[in-house]
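Analysis of the macromolecular model
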Amino acid sequence: MTQFQDIIKRTKAYLCLDCGKCTSVCPISILNENYTPRLLVNKVLRGDIDLLNDELLWSCISCGLCYERCESDVKFHEFIRDLRIEAYKIGKTGVYAHHGTMQSIMRMMTRPDLKQNRLDWLTKDLKVKIPKSEIRNPKSDSLTLYFVGCLPYFDSFFSNLQLNILQIAKSTIKILNHLGIEPVIMPNERCCGHDLLWTGDIENFKKLAQHNIAEINKTGAEKVLVSCPECYVTLKEYYPEYVAPLNAEIIHISELIAENLPELKNNGGTGFQPVKTHSQDGCANSSLKVTYQDPCRLGRFSNIYEQPRQIIDAMGFKLKEMDKNRKSAICCGTSGWMNCSTYSKQIQLARLKEAKNTGADLLITSCPKCQIHFKCAMSDKNIDKKTKIEIQDLTTLVANQLK
Amino acid sequence: MKKISHIQTALETKDIILKFPKITPITYTVRKINTSPCKDGCPIDTDVKAYLGLIATGKFEKALEIVKKDNPIPGICGRICVHPCETECTRDEIDQPLAICALKRFLADYELRHGSTPDLAGVKSTKKGKIAIIGSGPTGLTAANDLIRLGYKVTVFEELPVAGGMLYTGIPEYRLPRNIIKTEVNAIKELGVAIKTRTKIKSLSKLRKQGYDAIFIAVGAHKGLKLRVPGEDEFKGFLDCITFLRAVSLGKKVKIGKKVIVIGGGNAAIDSARTAFRLGSSVHIVYRRSRKEMPANAWEIEEAEREGIKIHYLASPLKILGENGKVVGMECIQNKLGKPDSSGRRRPVPIKGSEFNIETETIIPAISQEPDLSWLPAGHKLKISKWNSFEVDEDTLATNVKGIFAGGDCVTGPKTVIEAIAAGHKAAKSIDRYLQRKPLKEETKVNERVEFEVVIEPKEKKERVYMPHLSIKNRKNFKEVELGFKEKMAIEEAKRCLKCGFCAECSECMPDCEKSLVSLSIPEEPSGILLRVPLDQREFPLNGNPLQGKFSLAGGKKVTVIVEPITAQVRSELCRGCGDCEEICEYSAPKLQDQGNGVFISKIDEIGCKGCGICASVCPSGAITLNHFTNKYIETLIKHSTRL
Ligand SMILES: Cc1cc2nc3c(=O)[nH]c(=O)nc-3n(C[C@H](O)[C@H](O)[C@H](O)COP(=O)(O)OP(=O)(O)OC[C@H]3O[C@@H](n4cnc5c(N)ncnc54)[C@H](O)[C@@H]3O)c2cc1C
Ligand code: SF4
Ligand code: SF4
Ligand code: SF4
Ligand code: SF4
Ligand code: SF4
């Protein structure tokens, strides 16, 4: 079908050998026998348009493991994303988690006249530049912009999980300040649109992208720093692909920290404190064992595997790798605030157990959503003690360990 | 730690507040089976169940609206109505009937406390026709209220200086404070009704000449009947109860003795006795039959006795005793009850040799009243019955003279306020038809009703909430004796209602139903009645066939009844096993079940689930759906309530 022709071409689905490696590795397929990526490709190749009505279209958690495994380079996760865009056009959606509140918030952000109060959390000790509405002197100095993302929203929406997720933003600024950078923060920033794109709402994704591109360009920033892997891949890959590139370099905070490790460690009396235990009792424990969760958007999607590990190492933690790490890391179980299912839960529990089995006391991740999803899974009253492990965000940890 | 609070109330983020007010879903279980006994017992078909239900949920304004639909004087009725509804109330079989009347009063008092906006809906003189109403009692007032709302010009003529009829000049102030009457009469005046007090009508043809197109006679029954006992016309010290009560009500100086006898057993007798007690006299009541036959309200008799009034049951006056032309006492005789008479009550038969005397200075006969027709000019053509009342067509209240209607006590003899209101409604309907030149007799279509048997499930006993009373020692005055319910008491009492026949017809649910599935009327062509029921009730009306059944209508027609169970369902592949549903369900219907591998999935017990939908509103993954309370609906709610 011509409708699918472009998709087949762009995602190289025509190269599929029907080998089923994708299905064998897919965490959803392992749990839900009805779902197989191989068959979905097969159906599209056969021109089965009824596929757009298939609920299974929304079951994929877009972790990208299949693509990683595929010998023929079929971008299955993007393939499914494009099919969702088609399905969305005819009124199909997945089952939204949290009653679609997140989707509503994202769509609300497309309104041009939206009044946000999104900088409430800034405290005096954090040094930032807040652009006024008029256009700043372009390129007057080498500006770094910090794109905060949806952290303020998550922080209050998931207040029940007691995440303190805003600490990620505060820590990022603290680290930047430490490196002598006073970032620009935009009071009129919008959601990057990652989840709208992945749930098929391309129109509203584009609106958000256009808005953010215009706003960022207005500031004249040369570097855009992000602390969220989803913002990272969206600004870096999807904006150029669907709308327009930014006139700036996109950097993830872990890249920046890793690059500046020598400076952070040695220069001018600054540096890391000797690693103490993270626990409340305060007794020193230099050999605290930790493990690391590769977020799929940072790892498989952006190839940033080593920088976080270097940082963990530099802080003096002992990193115990999970069996499935880096390219084969298992994801946090759900994506796009959609079809968060019993399978998601099982993936989360299995992954937490895996983390625990390394003997680590702390699970480090660098994606706010990994943290939310894992903590959500652990908040049930029926949770097995053996699956419970403390979780910390990498950036937060770095900021805490700074002298 | 209550994990799920943030979803139930409002979504607040740092930047956006999502108002999410209706997350607690509405009831959408409609079970409707026939009407309820209370409504049936009420002469004006008040939607009792509806207003009780609304009180129970704290919706007082809406409840009052329901009451006012049929009753223009709720504050009055709420105090002195004889409430036949309570006699019919099913709850009587369990403990005591609902305090339906007192709850009505509560609503009127609530409005009084919180101020009201007059409901002027439809009040515009849009129709041609001028109507004269003679008498401002409940009959006249109700007719005036209805007719002005229908668009006519209405004038009420009242002989006395105050409006209200027996409400004002019969029923004493301690039962019905005057400000209540004034407020409710004023509300009717505000609609545009002209009330001309101190205007006694003496000629109907004069009214006609003044341009009134229709006349409604509602002059009540004010003439006291004679005792027909020797000495009655010989000695001074007699005071007819109506004259007595009227004089007291109008603030005139009334002379009665230290010792008073009231003769009779109706409300007028009790009221006279309690009024005399308040004026400082010691009072005896003499009544022919036993307490059981006494027509006065039982609760009034009780209060009278508590106030120290001595009631001589089964006693009749034989002779008035006098000295120097003044009453000094009365000779009575004791009775026993014989065979029932024409009224069905057992006839009192005197017991020989049981005579006894009571000392007194004043005798107040309160045996019965008949209409006072002395105002009618000689040669009027109206038909009068042998009881001195107007003869009218029972259905239309039309007299034998065209354009003249009569109703209330002047037709029936002394009855009750609620019957007077019913007569007022009936008269207004007829007069409207008369002025619109429609045949007076409506082709009445009797509503066909589905005949189901009302089954009371065994209910726990719960005592009626009792009305607080003024203490006995504070009663030597005309302060209101019954003090009224507080909000909490009203809600508690209203919650006792069993909701006989289920649906209350309050129509609250209709705007809430997203799919407009609720319809209150039984379809003409009986394609079917939809009963949305919780599953445990499924088999209840449908003996044997849980989902569908055929039922006979009153006229012999058959109707299909379709029952749709409402329960929450979990799509197990979406359930995360978080337990939020289990935590929030009031009926403990959802239960997490271990799938054996440490995976928990919620299962909802269909019998326990009441279909309220609250679990669907908290489920993080949208795993729960209800028949029509879908996640889409919840999403729409969020979208609609988003204000930025
Ligand atoms: C003492 C007493 C206590 C009662 N207690 C209760 C009770 O607790 N509960 C209850 O439900 N009922 C009670 N009743 C009965 C109730 O008050 C009457 O049934 C009811 O008021 C009848 O209403 P009506 O409008 O037909 O007549 P009324 O209320 O009698 O009104 C008739 C009006 O017409 C006026 N009128 C008469 N002739 C003329 C004329 N020619 N021109 C102008 N105006 C004229 C009269 O002055 C009077 O105001 C009681 C009655 C009495 C006497
Ligand atoms: S992206 Fe992940 S969830 Fe989706 S098909 Fe591939 S492996 Fe399965
Ligand atoms: S895992 Fe994530 S998406 Fe799923 S319910 Fe928890 S917080 Fe929501
Ligand atoms: S229990 Fe309620 S519905 Fe039933 S008769 Fe009494 S007041 Fe009416
Ligand atoms: S049905 Fe929903 S609320 Fe209930 S346990 Fe499953 S995920 Fe949680
Ligand atoms: S399971 Fe409980 S909370 Fe859910 S609809 Fe049924 S009664 Fe309501």
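Okay, so let's go over this structure. Remember, it's a predicted structure, so these values are computed and weren't measured experimentally.

Definitions and cut-offs
- Per chain, residue numbering runs from 1 following the sequence as it is written.
- Here chains are named by letter from A upward and ligands by number from 1 upward, in the order in which they appear as written.
- Per-residue local features of the predicted model are confined to residues with pLDDT of at least 70, and side-chain atom pairs are confined, for both listing and counting, to 80 or more; whole-chain, interface and lining totals are unaffected and use all residues.
- For side-chain calculations, the full set of non-hydrogen atoms in the structure is used, while hydrogens and water are omitted.
- Pairing between two strands requires that DSSP report at least two bridges joining them.
- A run of H or I in DSSP becomes a helix once it reaches four residues, and a run of E becomes a strand once it reaches two; helices and strands are each numbered from the N terminus.
- In this analysis, two residues are considered to be in contact whenever any of their non-hydrogen atoms come within 4.5 Å of each other.
- The convention used is that axes are lines fitted to C-alpha atoms, helices contributing only their stretch in contact, and that angles between N-to-C directions extend from 0 to 180 degrees.
- To be near a molecule or strand, a residue needs just one of its heavy atoms within 4 Å of it.
- Any residue outside Ala, Val, Leu, Ile, Met, Phe, Trp, Tyr, Cys, Pro, Asp, Glu, Lys and Arg is labelled polar, Gly included; the first ten of those are nonpolar and the last four are charged.
- Classification of residues uses two cut-offs on accessible area relative to the type maximum, computed with a 1.4 Å probe and protein chains only: under 20% is buried, over 50% is exposed, and between them is partly exposed.
- Under this definition, polar contacts are N or O atom pairs within 3.5 Å; protein pairs additionally need one hydrogen-donor-capable and one acceptor-capable atom, and for neighbouring residues in sequence, both atoms have to be side-chain atoms.
- Surface exposure here means Shrake-Rupley accessible area, sampled with a 1.4 Å probe, where a residue is shielded only by the protein chains that are shown.
- Note: domain ranges come from an automatic or database domain assignment.
- Side-chain rings of Phe, Tyr and Trp (the six-membered ring for Trp) are treated as a pair once their centres are within 6.5 Å; stacked means planes under 30 degrees apart, edge-to-face means over 60, and tilted covers the remaining angles.
- Note on criteria: charge over ring means Lys NZ or Arg CZ within 6 Å of the ring centre, with the direction from the centre no more than 35 degrees off the ring normal.

Description of the sheet that holds strand β5 (residues 318-319) of chain A
Residue and element names in this part refer to chain A. Strands sit in the order β5-β4-β6-β7 across an open sheet of four strands; the sheet is parallel. Here the strands that pair on one side only, and so sit at the sheet edges, are β5 and β7 (390-393). As paired elements, strand β4 (residues 289-293) and strand β6 (residues 362-365) share four bridges and run parallel to each other. Following the sheet pairing, Thr 291 is matched in β6 by Leu 363. Relative to the sheet, helix α18 (residues 394-401) contacts β6 and β7, its axis offset from that of β7 by approximately 80°.

Looking at the site of ligand 3
Neighbouring ligand 3 are the residues His 98, Phe 158, Thr 334, Trp 337, Cys 340, Gln 348, Ile 372, His 373 and Cys 376 of chain A together with Arg 576 and Pro 620 of chain B. For the shell around ligand 3, the leading source of residues is helix α17 (residues 368-378) of chain A, giving three residues. For the shell around ligand 3, the residue count by class is six nonpolar, four polar and one charged.

Considering the environment of Thr 567 of chain B
Residue and element names in this part refer to chain B. With respect to the element layout, Thr 567 can be found in the loop between β20 (558-565) and β21 (569-570). According to the relative accessible area criterion, Thr 567 is buried, its value standing at 2%. Residues Thr 567 and Glu 606 lie 39 residues apart in sequence; the distance between their C-alpha atoms is 6.2 Å.

Re the site of ligand 1
Residues and elements named next belong to chain B. The full set close to ligand 1 counts 37 residues, and Ile 80, Thr 139, Glu 158, His 222 and Asp 409 are the nearest of them. Take Glu 158: an N or O atom from its side chain is 2.6 Å from an oxygen atom of ligand 1. His 222 is positioned such that a nitrogen or oxygen atom in its side chain is 2.6 Å from an oxygen atom of ligand 1. About the coverage of ligand 1: the protein hides 97% of its 1,000 Å² of free accessible area. Secondary structure elements with two or more residues in the shell around ligand 1: α8 (138-149), α12 (241-249), α13 (267-278) and α16 (417-435). Across the shell around ligand 1, the residue classes break down as 17 nonpolar, 13 polar and seven charged. Composition of the shell around ligand 1 by domain shows at least three residues from each of domain 1 (130-165 + 186-222 + 371-435) and domain 2 (226-367).

Considering the packing of aromatic side chains
Scanning all chains against the criterion turns up 14 aromatic pairs over all chains. Measuring from centroid to centroid gives 5.0 Å for Phe 60 of chain B and Phe 106 of chain B, while their planes differ by 80°, and the two rings are edge-to-face. Of this pair, Phe 60 of chain B sits in helix α4 (residues 60-70) while Phe 106 of chain B sits in helix α7 (residues 100-114); the two residues are 46 residues apart in sequence, bridging distant segments of the chain. Here Phe 60 of chain B and Phe 106 of chain B have matching classes, each one buried. Geometrically, the ring pair formed by Tyr 174 of chain B and Phe 478 of chain B is tilted, given 6.3 Å between the ring centres and 45° between the ring planes. Residue Tyr 174 of chain B is found in the loop between α9 (166-169) and α10 (178-190), and its partner Phe 478 of chain B is found in the loop between α16 and α17 (487-494); the two are separated by 304 residues along the sequence. In this structure Phe 478 of chain B comes out as partly exposed when scored by relative accessible area, which is 23%. Each member of the aromatic cluster is reached from another via a ring pair, and the members are Phe 154, Phe 157, Phe 158 and Trp 337 of chain A. The aromatic ring of Tyr 168 of chain B is capped on one face by Arg 178 of chain B, whose charged end is 4.9 Å from the ring centroid. Lying over the aromatic face of Tyr 174 of chain B, Arg 278 of chain B brings its terminal NZ or CZ to 3.7 Å of the ring centre.

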